[in-house]
Amino acid sequence: MGTASQDALKQLSALIGQVDEPSKITFQNIHQGYPTETLVRFLKAREWSISKAHNMLVDCLNWRKQNHIDDILAKPIIPADLYRGIRDSQLIGMPGYTKDGHPVYAIGVGLSTYDKASVNYYVQSHIQMNEYRDRVILPAATKKYGRHVGTCVKVLDMSGLKLSSLSQIKLLTIISTIDDLNYPEKTETYYIVNVPYVFSACWKVVKPLLRERTRRKVQVLQGCGRDELLKIMDYASLPHFCKREGSGSSRHSSSGSDDCFSFDHPFHQQLYSYIKQQALGRECIAPLKQGSFHVDVPDPNPEGIKIAKTIESEMHKLEDRSNGLGRSLSGLNI
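Calculation rules
- Residues numbered from 1 in each chain as written.
- Predicted model: local features only at pLDDT ≥ 70, side-chain atom pairs only at ≥ 80, totals over all residues.
- Heavy atoms only, no water.
- Buried < 20%, exposed > 50% of the residue type's maximum accessible area, 1.4 Å probe, protein only.
- Helix = DSSP H or I, 4+ residues; strand = E, 2+ residues; numbered from the N terminus.
- Pairing = 2+ DSSP bridges.
- Right-handed = clockwise from strand over helix to strand, strands pointing away.
- Core = buried A, V, L, I, M, F, W, Y, C linked by side-chain atoms within 4.5 Å.
- Contact = heavy atoms within 4.5 Å.
- Arc of directions from axis to C-beta.
- Salt bridge = Lys/Arg side-chain N within 4 Å of Asp/Glu carboxyl O.
- Axes fitted to C-alpha atoms, helices over the stretch in contact; angles between N-to-C directions.
- Phe/Tyr/Trp six-rings, centres within 6.5 Å; stacked < 30°, edge-to-face > 60°.

### Some points on the pairing of strand 2 (residues 103–108)
Then, in step 1: Within strand 2, six of the six residues are buried, which leaves it mostly tucked inside the rest of the structure.
Then, in step 2: Alternating residues of strand 2 divide into Pro103, Tyr105 and Ile107 and Val104, Ala106 and Gly108, and every residue in both groups is buried.
Then, in step 3: Inspection of the sheet shows strand 1 (residues 92–97) paired to strand 2 by four bridges, in the antiparallel sense. Following the sheet pairing, Gly93 is matched in strand 2 by Ala106.
Then, in step 4: Relative to strand 3 (residues 152–157), strand 2 runs parallel, the two sharing five bridges. Across the sheet, the residue bridging to Gly108 is Asp157, located in strand 3.
Then, in step 5: Handedness of the crossover joining strand 2 and strand 3 through helix 6 (residues 119–145): right-handed.

As structure tokens, then:
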């Protein structure tokens, strides 16, 4: 780290030292014993501008306090069947770790339907996944590997991505806004696999809109990406949709224990048990109630809005093109 970066870090640290006591407590939940590394994340997210990073971090602390994010891991989504429905329609899992200790998160972008619960439940589940990663998974990895592990890698499965995915852009924008503003720089690399034409067409127009730092993190792999991913992780840590030859997701052909998206996978069982256990400690204060945990969604940044609109526009173009092709083919006599 250069002298200018060290100075920026010192100044931001001094500014955060002046926040009120509740903000200091929630900041501890964010940094988990690594305040310097956390400040660096916010500085990186704002191109090392001290004032912008300070505003971003203060906004994040306020968002956490106003929405009781520190308590979200004691708010289970009940009954369990509702949570199972969420797991079946918001496809995300953690099959293992890279060789250097980063947790591997698998996300079924193309086959997620988000149609088994309200938006609030999906947002709650997403934040719980983030908080469990930051407060449980990453500290455990840090302890195991004997050095600070503060980021993960994500493998995005695009199998099944269709033009109809357009209807999910609003929810995905909400989730990505929460991540961008409150969990910055938590992903080391995004590996994109099983890429259909729809994604390739959108990626061409979205890629130039991304910041250089974000672009460098994205790697589009051939087919299911198995050979490339095995360079950084063992076979056991590969997401189930990367384990077979050729492209195509094995979402519906894996057993529950192998399918990392499934509620029956060890990761989800541990996560759900952890949340229920945390809730038990609070029951003497207030009994558990069914119902989603409402979270205020921050306004998306202009860059995010532009990207969402570009994807929407590109999807509409593809839809018009495919409809036109359908009409021209329907008139053919075979």
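### Quick look at the nonpolar core
Then, in step 1: Ranked by size, the top nonpolar core spans 44 residues in total, and within it Tyr105, Ile127 and Phe267 carry the most contacts.
Then, in step 2: Broken down by secondary-structure element, the contributors of at least two residues to this core are helix 5 (80–89), strand 1, strand 2, helix 6, strand 3, helix 7 (169–182), helix 8 (197–206) and helix 11 (266–280).
Then, in step 3: The greatest single-element share of this core, amounting to seven residues, is contributed by helix 6.
Then, in step 4: Those residues within four positions of Phe267 in sequence are excluded, and the remaining contacts are Gly93, Met94, Tyr105, Met129, Tyr132 and Ile137.

### Some thoughts on helix 2 (residues 21–31)
Then, in step 1: By the burial criterion, the buried members of helix 2 are Ser23, Thr26, Phe27, Ile30 and His31. With its buried residues spanning 135 degrees around the axis, helix 2 presents them on a single face.
Then, in step 2: Where helix 2 is buried, its residues meet helix 1 (3–16), helix 3 (35–45) and helix 4 (50–66).
Then, in step 3: A positive phi of about 50 degrees marks Gln32, the residue just after helix 2.

### Things to note about the pattern of salt bridges
Then, in step 1: Under the counting rule described, the total for this entry stands at 16 salt bridges.
Then, in step 2: Here Lys231 and Glu228 are joined by a salt bridge, their closest N and O atoms 2.9 Å apart.
Then, in step 3: Judged by relative accessible area, Lys231 falls into the exposed class, the value being 57%.
Then, in step 4: With a shortest N-O distance of 3.3 Å, Lys243 and Asp258 are connected by a salt bridge. With Lys243 in the loop between helix 10 (226–229) and helix 11 and Asp258 in the loop between helix 10 and helix 11, this pair connects stretches of sequence that are 15 residues apart.
Then, in step 5: When its relative accessible area of 18% is taken as the criterion, Lys243 is described as buried.
Then, in step 6: On the basis of relative accessibility, which here comes to 31%, the residue Asp258 falls in the partly exposed class.
Then, in step 7: The network of salt bridges with common partners includes Glu47, Glu185, Arg211, Arg213 and Lys217.

### Brief notes about the pairing of strand 3
Then, in step 1: Of all six residues in strand 3, six are buried, a share of seventy percent or more.
Then, in step 2: Of the strand pairs in this sheet, strand 3 and strand 4 (residues 187–193) are connected by six bridges, and their pairing is parallel. Within strand 4, the position partnered with Val153 by the bridge is Thr189.

### Regarding unusual backbone geometry
Then, in step 1: Of note, the amide linkage connecting Ile78 to Pro79 takes the cis form, showing an omega dihedral of 0 degrees.
Then, in step 2: As for its placement among the helices and strands, Pro79 is situated in the loop between helix 4 and helix 5.
Then, in step 3: For Gln32, which is not glycine, the phi torsion reads 50 degrees and is therefore positive.
Then, in step 4: With relative accessibility at 28%, the residue Gln32 sits in the partly exposed group.
Then, in step 5: With a phi angle near 55 degrees, Glu185 is a residue other than glycine that sits in the positive phi range.
Then, in step 6: If you trace the backbone, Glu185 turns up in the loop between helix 7 and strand 4.
Then, in step 7: What makes Glu185 buried here is its relative accessible area of 17%.

### Overview of the sheet that holds strand 4
By way of backbone hydrogen bonds, the strands of a sheet pair with one another, either parallel or antiparallel.
Then, in step 1: If you trace the five strands from one edge of the open sheet to the other, you get 1-2-3-4-5, paired in mixed fashion. The open sheet has two edge strands with one neighbour each: strand 1 and strand 5 (218–220). Strand-to-strand, the axes of this sheet are offset by a mean angle of 20 degrees, without reference to chain direction.

### Looking at the packing of aromatic side chains
Then, in step 1: Under the counting rule described, the total for this entry stands at ten aromatic pairs.
Then, in step 2: Ring centres of Tyr105 and Phe267 lie 6.1 Å apart, and the angle between their planes is 90 degrees; this geometry places the pair in the edge-to-face category. Of the two residues, Tyr105 is situated in strand 2 and Phe267 in helix 11; the sequence distance between them amounts to 162 residues. Considered together, Tyr105 and Phe267 belong to a single accessibility category, that of buried residues.
Then, in step 3: Feature note: the residues Tyr105, Tyr132, Phe267 and Tyr274 constitute an aromatic cluster, connected by ring pairs.

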